[in-house]
Amino acid sequence: MRPETETELAVVGAGPAGLCAAIEAARRGVRTTLVDENPRPGGQLFKQIHKFFGSHRHGAGVRGFRIGEELLAEIERSDVRVLLDTVVFGFHDDNTLGLYRGGTVLPLRARRTVLATGALEKPLTFRGWTLPGVMGAGAVQTMINLHGVLPGARVLMVGSGNVGLIVAYQLIQAGATVVAVVEALPAVSGWHVHAAKIRRLGVPVLLSHTVLEARGGDSVEQAVIAPIDGRCRIDGRGERRLDVDLVCIAVGLRPLSELAELARCRLGFVAPLGGFLPLHDETMKSSRPEVYVAGDLAGIEEASTAMEEGKLAGLSAARSLGKLSRREYARLAEEIMDNLAELRLGSFGEERRRCKDEILLRYRSLNAAEASAGGR
Amino acid sequence: MNRRIRRHPILEFDTGRARVHITVNGRQVEAFAGEPIAAAILAAGIRVFRRTARLDSPRGVYCAIGRCTDCVMTVDGTPSVRTCVTPVEDGMVVESQRV
Amino acid sequence: MARADGALSLEEIAGCPGWPGEDCIERKRVAVLECVEDIPCNPCEAACPAHAIAIGSPITNLPAIDGERCTGCSVCVAICPGLACFVVEKNHSADLAAVAMPYELLPLPEVGDTVRALDRGGRYLCPGEVVQVQRAKRFDKTAVITVTVEKRFVNHARSMEVSDRDQRP
């Protein structure tokens, strides 16, 4: 096998899911190539400066970026070949991936692939949304936590899910003033503890409110907010102008499923998990037998579920390459599935659990439909 | 206006990163080696990266993950470079484009 | 359940197993775990050196505090990923209560500083004096600041504003 253009396992995306998939597969002796379009691996992990929740057994209480550092150290100790600044732009029927790096196109033939391409912030359109100073919450988080740059001093946060609440707190840590958080629903969407942290610092959380406009000459100088009811009707009388220079949009993420689609993985639309995502079975295998999926690509959840799914995908790929016995695989996979089930407990996890079960059902009916149509 | 975060309760910045210099529309801007061009530009307090051809609308950074193309600029003569995912190099010449 | 906008009422907190009870608060320094949602999370249970916090299985159970076992050491205050734990001492002195809170901002206050004590909604309550600043490697940059406040605010003071907070970048 020529090392440069062939590999046993290609992992696309070096965020928490991809890193865990590569580490797990390499542990089983799978020759693995990890590809990421960024100059550094880690995905969203290094932006997470708060302590993670979950079970103490699995590293709860540790700041996200420290978990990232541990994973990177493991990758370095392993045999995984890491290709950074490399975009995967193609996926052919013969399992050759098209890589683009430094102006050169490289083919990479992979017997198996794990897609862990993550997610993208959803935009919110409103008057003035293209003005400099309107940014996605992820973008703001990248700037403040990775690059040490504060893109604004007075912030309107749009959206009270965990991302919005956490980034609002991190903006305060970075030295900004969060003038308000607006949430279109009548209750905070994210976890109470994240809302509590900012409320007790004096940040108003305005429920049933939305942003109407970002105003300014060449960049944001003001935002206009107004009450909104359950049928999306704006109450113009309640309009207020806020003196802000940064409007941060945190209205949800969607899986980056373009490569999966290109690879002919069948997608399904699962709204609570972000939109179109590749359908998969309980081993993380997609509708294309050589392709596995993991992390936010397989449904928007959290870093902890991404890591567990990544491990599972890496293990499943290794198993399919004959690198571990059925028994060993079953034992390890069951442990991971137990961890995933634990992370999906509770009122917040319930919908995600239901949706992940729905994905499995729809995956199975895909196969049934294809089988009855004569198969491929 | 310098928008670099000097002190942070959790993170450490500025620890031994090499400094480089780029020019942005003729203005010299200090940057840290390896950071994205967009970070250096925002750090220098510059918010307008380009203006659109038809409506002359100012555009800056939106997604910072290389997907939305709001932040594209001409870098060393090459147009439409996504500044949010392209690392700075000493001496880079960065200019707005009308697209 | 939890107040929709992130600021709980005392009634809501007192209804949860993390509330040690008014009687206990009257008698000793004790932790108050303001954890009200069934999120899978349990580092407080493992971290408590006195084994005074119980979550068990499933880990979505709300943490329960055993006020008698609790020594008020404040490790839980620093460990909780949600910054939801506090240690209160109603009878710190004849006039003052003391509240230990997690703090992750700059500048860090120092012992002897006067701060503005705030409630769960960020509203000003009274001036507070910093009597202790705990930092430890295992706290990983979460400081535990103990502030004395007017006794009547022992169950309300949960945040502080540090004077001359110079956060300009």
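Residues numbered from 1 in each chain as written. Chains lettered and ligands numbered in written order. Predicted model: local features only at pLDDT ≥ 70, side-chain atom pairs only at ≥ 80, totals over all residues.

Chemist: Honestly, the nonpolar core in this entry has me stumped. Any pointers?
Modeler: The tendency in soluble globular proteins is for nonpolar side chains to be buried as a group. In this structure, V247, C248 and A294 of chain A are the most contacted members of the largest nonpolar core, which totals 202 residues. When residues of this core are assigned to domains, at least three map to each of domain 1 (6–120 + 253–372) and domain 2 (123–249) of chain A. (Core = buried A, V, L, I, M, F, W, Y, C linked by C-beta atoms within 7 Å. Buried ≥ 20, exposed ≤ 12 C-beta atoms within 10 Å, placed from the backbone. Domains from an automatic or database assignment.)

Chemist: Would you mind going over helix 8 (residues 326–343) of chain A with me for this structure?
Modeler: Because an α-helix completes one turn every 3.6 residues, residues spaced three or four positions apart along the sequence face the same direction. Residues and elements named next belong to chain A. In this model, helix 8 (18 residues) spans 25 Å end to end at C-alpha, consistent with the 26 Å of a helix rising 1.5 Å per residue. For helix 8, the complete set of buried residues consists of I336, N339, L340, E342 and L343. Around the axis of helix 8, the buried residues are gathered within 170 degrees of arc, so they sit on the same side. Summarising the geometry of helix 8, the exposed residues directed more than 90 degrees from the buried face are R326, R327, A330, R331, E334 and D338. (Helix = DSSP H or I, 4+ residues; strand = E, 2+ residues; numbered from the N terminus. Expected span 1.5 Å × (residues − 1). Arc of directions from axis to C-beta.)

Chemist: Is there a simple way to explain the packing of helix 3 (residues 137–146) of chain A against helix 4 (residues 162–173) of chain A in this structure?
Modeler: For any two helices packed against each other, one specifies the inter-axial angle together with the distance between the axes. All names here are of chain A. Where helix 3 contacts helix 4, the axes come no closer than 10 Å and their chain directions differ by 30 degrees. On the basis of the axis angle, helix 3 is roughly parallel to helix 4. Handedness of the crossing formed by helix 3 with helix 4: left-handed. Here A137, V140, Q141, I144 and N145 of helix 3 lie close against helix 4, whose contacting residues are V163, G164, V167, Q170 and L171. Its residues assigned to classes, the contact of helix 3 with helix 4 shows 6 nonpolar, 4 polar and no charged. (Axes fitted to C-alpha atoms, helices over the stretch in contact; angles between N-to-C directions. Parallel < 35°, antiparallel > 145°, perpendicular 65-115°, else oblique. Left-handed = near helix turned anticlockwise from the far one by under 90°. Contact = placed C-beta atoms within 7 Å. Nonpolar A, V, L, I, M, F, W, Y, C, P; charged D, E, K, R; others polar.)

Chemist: Explanation requested: the interface of chain A and chain C in the structure shown.
Modeler: Many structure descriptions define interface size as the accessible area lost when the parts assemble. Between chain A and chain C, the residue contacts involve 38 residues of the former and 35 residues of the latter. Where the side of chain A that touches chain C is concerned, the elements lending two or more residues are helix 4, helix 5 (192–199), strand 11 (205–207), helix 8 and helix 9 (346–372) of chain A. Top contributing element to the side of chain A that touches chain C by residue count: helix 5 of chain A, with 7 residues. For the side of chain A that touches chain C, a count of residues per class yields 20 nonpolar, 12 polar and 6 charged.

Chemist: Before we go on, may I ask you to explain helix 2 (residues 64–77) of chain A in this structure?
Modeler: Residue and element names in this part refer to chain A. The terminal C-alpha atoms of helix 2 lie 20 Å apart, and with 14 residues this matches the ideal 20 Å at 1.5 Å per residue to within 8%. Of the residues making up helix 2, those classed as buried are G64, I67, G68, L71 and I75. One face of helix 2 carries all of its buried residues, which in axial projection span an arc of 105 degrees. For helix 2, exposure combined with an orientation more than 90 degrees from the buried face picks out A73, E76 and R77. In this structure, the buried side of helix 2 is in contact with helix 1 (16–27), strand 3 (81–83) and helix 7 (303–320).

Chemist: I keep staring at unusual backbone geometry and nothing clicks. Help me out?
Modeler: What is expected of a backbone is that most residues other than glycine have negative phi and most peptide bonds are trans. Residue and element names in this part refer to chain C. Cis geometry is adopted by the peptide bond preceding P58, which originates at S57 and carries an omega value of -5 degrees. Mapped onto the elements of the fold, P58 is located in the loop between strand 2 (53–54) and strand 3 (64–65). For the bond running from L106 to P107, omega is -5 degrees, close enough to zero to count as cis. As for its placement among the helices and strands, P107 is situated in the loop between strand 5 (96–103) and strand 6 (114–118). The phi angle at H51 is positive, at roughly 50 degrees, despite the residue not being glycine.

Chemist: Where do I start with the domain arrangement of chain A in this structure?
Modeler: All names here are of chain A. Here the domain parsing of chain A yields domain 1 (6–120 + 253–372) and domain 2 (123–249). Placing a centre on the C-alpha atoms of domain 1 and another on those of domain 2 gives a separation of 31 Å. Split by residue class, the side of domain 1 that touches domain 2 holds 3 nonpolar, 1 polar and 1 charged.

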